[in-house]
Amino acid sequence: MSHSPREAEAPKTLHTKTLQTVPRRGLIGWVLFDWATQPFYTLVVTFLFAPYFVNGFMDDPAHGQTIWAYATGAAQLIAAGLAPVLGAIADAGLPRKPWIAGFSVLLVAGLGGLWFAIPGDLSLVPVVLLSFGLATIGAELATVFNNAMMPGLVSGKRLGTLSGLGWAVGYVGGLVSLALIAGLIVTDPNTGKTLFGLQPVLPLDTATREGDRLVGPFSALWYLVFVLPLFLFTPDRPDAPLQGSAVQAGLRRLVRSIKDLVRDHGSIALFLLARMLYADGLGAVFAFGGIYAASVFGWGAAELGLFGIVLTVAGTIGALIGGLLDDRLGSKTVIVTALLFFIAGSLGVLSIDADEILFVIPVAPKADGSGLFASAGEQSYLAFAVLIGLAAGPIQASSRTLLARLCPPEKTTEFFGFFAFSGKITAFAAPLVIGLVTALTDSQRLGISASLAFLIGGLLLLLWVRPPR
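Cut-offs and rules
- Residues numbered from 1 in each chain as written.
- Predicted model: local features only at pLDDT ≥ 70, side-chain atom pairs only at ≥ 80, totals over all residues.
- Heavy atoms only, no water.
- Helix = DSSP H or I, 4+ residues; strand = E, 2+ residues; numbered from the N terminus.
- Buried < 20%, exposed > 50% of the residue type's maximum accessible area, 1.4 Å probe, protein only.
- Areas by Shrake-Rupley, 256 points an atom, 1.4 Å probe, with all protein chains shown as cover.
- 1 Å grid on protein atoms, 1.4 Å probe; cavity = no way out; pocket = protein on both sides within 12 Å on 5 of 7 lines; lining within 4 Å.
- Points joined across faces, edges and corners; volume = space filled by probe spheres on them.
- Nonpolar A, V, L, I, M, F, W, Y, C, P; charged D, E, K, R; others polar.
- Phe/Tyr/Trp six-rings, centres within 6.5 Å; stacked < 30°, edge-to-face > 60°.
- Contact = heavy atoms within 4.5 Å.
- Patch = residues over 30% accessible without salt bridge, like charges linked within 9 Å, V, L, I, M, F, W, Y side chains within 5 Å.
- Salt bridge = Lys/Arg side-chain N within 4 Å of Asp/Glu carboxyl O.
- Core = buried A, V, L, I, M, F, W, Y, C linked by side-chain atoms within 4.5 Å.
- Axes fitted to C-alpha atoms, helices over the stretch in contact; angles between N-to-C directions.
- Parallel < 35°, antiparallel > 145°, perpendicular 65-115°, else oblique.
- Left-handed = near helix turned anticlockwise from the far one by under 90°.
- Expected span 1.5 Å × (residues − 1).
- Arc of directions from axis to C-beta.

### Points about the overall build of the protein
For the protein, the helix and strand inventory stands at 19 helices and two strands. With 469 residues in all, the protein has 60% of them scored as buried. Accessible area for the protein stands at about 18000 Å²; split by element, carbon and sulfur atoms hold 68% of it.

This is the structure we're talking about:
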């Protein structure tokens, strides 16, 4: 593989930056941001609310998956368009915490609106989808500014460990929140019992699925409590003196950076393009994997909750291992290896239907009244999903570490804006394609299979990225 002379030059990375001394509680506050936001992705996007929206709130699962996909894509597209612009404005001299606070308001308000997903009342569909869109925009943009704080907290040699720890703690947060709400609050509509076989700790109406609807407000309260250490203890950079307004200065910087990105930062541009594809595929697999399992096997809250716990434990282990390997083997090596495992796991999941595995091997369908994960199809689905979970953590953690090592320190927030942009600008594409294919074929499996093209395309481009020495 050949590289341009500019790419061959040693990049100006974080190793040359003078770091402030950050107390341990400041690092803990930064790590807890992942813990605070993860219930949105675990409970709402993946395991509980999204399957409920498609299979409980809506009366037609295929149509429900279609409009959920459209709403997901639209919200991610808006977040993608705003991320680099706002990042450039912040890098013109503004601190990052006020931006996180502003987008936290959107996240909390949107999560609260999910309470209105009363089953059968389709007049509330616009309200619920708008609330989900606001929460998505808030979570994504707050994450941009939190990620941009990372290079100022530790040296470049410790970035992989810090990033991996953040993802692992986030997965544990998702696991704990899932165990709490699925084990103590959300009930199976058929039995009235929680995942742990208990009566719910709150007197909620099963007929109107108040347990499923409470997922949104619960995630909002969780976020408000656990994001506080970031604001209280994690140091932010002070305001820098500016010539003119931050908006004008930031937009001028953005225009220059767009022009210079390919010319002066070829590896960064190629990496962002690769991540644009594989992050889209990864997000689609997670967003629709639980929906697909609920449709194929008829999983309710108990099965989805336990499935989420198993997958989250796998993700936690993968993130910790990936973070340690990142500092030893390099970010690119970790991402490439994890992507190969993720693609294999995704193929395995999509090879499973109610009465077959690996596309052609027939198995007995799930018997009525059987126990949790009693059928061969469910067990195979769970095994492949664990492989996906083990690979997902290293992909996500090492991706932000690789960018942090590649980008110039004076453009950290701006480049993490591009990072979010690359992860979301085509994020509407996979959900859109999934929605269109599902609508045309009336097959959820065929629709979700479109995500594989994004994963493979991103992997092939990533092979050409030259990581920093």
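Still to come is the rest of the account.
### Some details on empty space enclosed by the protein
Here the idea is plain: a probe the size of a water molecule rolls over the atoms and shows the empty space left. Summed over the entire model, instances satisfying the criterion amount to two cavities of 30 Å³ or more. Estimates place the volume of the second largest cavity at around 140 Å³. What lines the second largest cavity is a set of 16 residues, among which Val-285, Gly-289, Val-349, Tyr-381 and Ile-388 lie closest to the centre. Where the lining of the second largest cavity is concerned, the elements lending two or more residues are α12 (266-297), α13 (301-329), α14 (331-350) and α15 (376-406). Of all the elements, α12 adds the most residues to the lining of the second largest cavity, at six residues. By residue class, the composition of the lining of the second largest cavity is 12 nonpolar, four polar and no charged.

### Concerning the packing of aromatic side chains
Inspection of every chain in the model, using the stated rule, returns 16 aromatic pairs. Consider the rings of Phe-218 and Trp-222, whose centres lie 6.1 Å apart with planes at 40 degrees: the pair is tilted. In this pair, Phe-218 and Trp-222 both sit in helix α9 (residues 215-226), four residues apart, roughly one turn of the helix. For the pair Phe-218 and Trp-222, a shared accessibility class is recorded, and that class is buried. Here the aromatic rings of Phe-307 and Tyr-381 are separated by 5.9 Å at their centres, their planes lie at 50 degrees, and the arrangement is tilted. One end of the pair, Phe-307, is in helix α13; the other, Tyr-381, is in helix α15, with 74 residues separating them in the sequence.

### Points about the environment of Gly-164
For Gly-164, the location among the structural elements is in helix α7 (residues 159-184). The spacing of Gly-164 and Arg-400 is 236 residues in sequence and 9.7 Å in space, taken between C-alpha atoms. Apart from residues no more than four positions distant in its own chain, Gly-164 is found in contact with Ala-319, Leu-320, Gly-323 and Ala-397.

### A short note on a nonpolar patch on the surface
On the surface, Val-313, Ile-317, Ile-321, Leu-325, Leu-329 and Leu-390 cluster together into a nonpolar patch covering about 480 Å² of accessible area. By residue number, the principal contributor to the nonpolar patch is α13, which donates five residues. Checked against the element boundaries, Ile-321 lands in helix α13.

### Considering the nonpolar core
Grouped together as the largest cluster of nonpolar side chains are 139 residues, with contacts concentrated most on Phe-49, Phe-53, Phe-271 and Phe-342. A total of 17 residues in this core trace back to one element, the largest contributor, which is α12. With residues near it in sequence (within four places) discarded, Phe-53 still touches Met-58, Gly-64, Ile-67, Trp-68, Val-128 and Leu-129.

### Focus: the packing of helix α3 (residues 49-57) against helix α6 (residues 125-149)
Two elements in contact, α3 and α6, have axes separated by 13 Å at closest approach and are oriented at 165 degrees. Comparing their axes, α6 and α3 come out roughly antiparallel. Like other packed secondary-structure pairs, α3 and α6 cross with a definite hand, here left-handed. On α6, the residues that touch Phe-49, Phe-53 and Phe-57 of α3 are Val-125, Val-128 and Leu-129. For the contact of α3 with α6, the class distribution of residues is six nonpolar, no polar and no charged.

### Some points on helix α19 (residues 451-462)
The end-to-end C-alpha separation of α19 is 17 Å, in line with the 16 Å expected for 12 residues at 1.5 Å each. Residues Ser-451, Leu-452, Phe-454, Leu-455, Gly-458, Leu-459 and Leu-462 constitute the buried set of α19. Seen from one end, α19 has its buried residues packed into an arc of 160 degrees, which puts them on one side. What points out from α19, more than 90 degrees from its buried face, is the exposed set Ala-453 and Leu-460.

### Quick look at the pattern of salt bridges
Summed over the entire model, instances satisfying the criterion amount to four salt bridges. Salt-bridge contacts for Arg-405 lead to Asp-326; the nearest nitrogen and oxygen are separated by 2.5 Å. Of this pair, Arg-405 sits in helix α15 while Asp-326 sits in helix α13; the two residues are 79 residues apart in sequence, bridging distant segments of the chain. When its relative accessible area of 13% is taken as the criterion, Arg-405 is described as buried. The exposure class assigned to Asp-326 is buried, which follows from its relative accessible area of 2%. As a salt-bridge pair, Asp-327 and Arg-405 come within 2.7 Å of each other at their nearest N and O atoms. In this pair, Asp-327 sits in helix α13 while Arg-405 sits in helix α15, placing the two residues 78 residues apart along the sequence.

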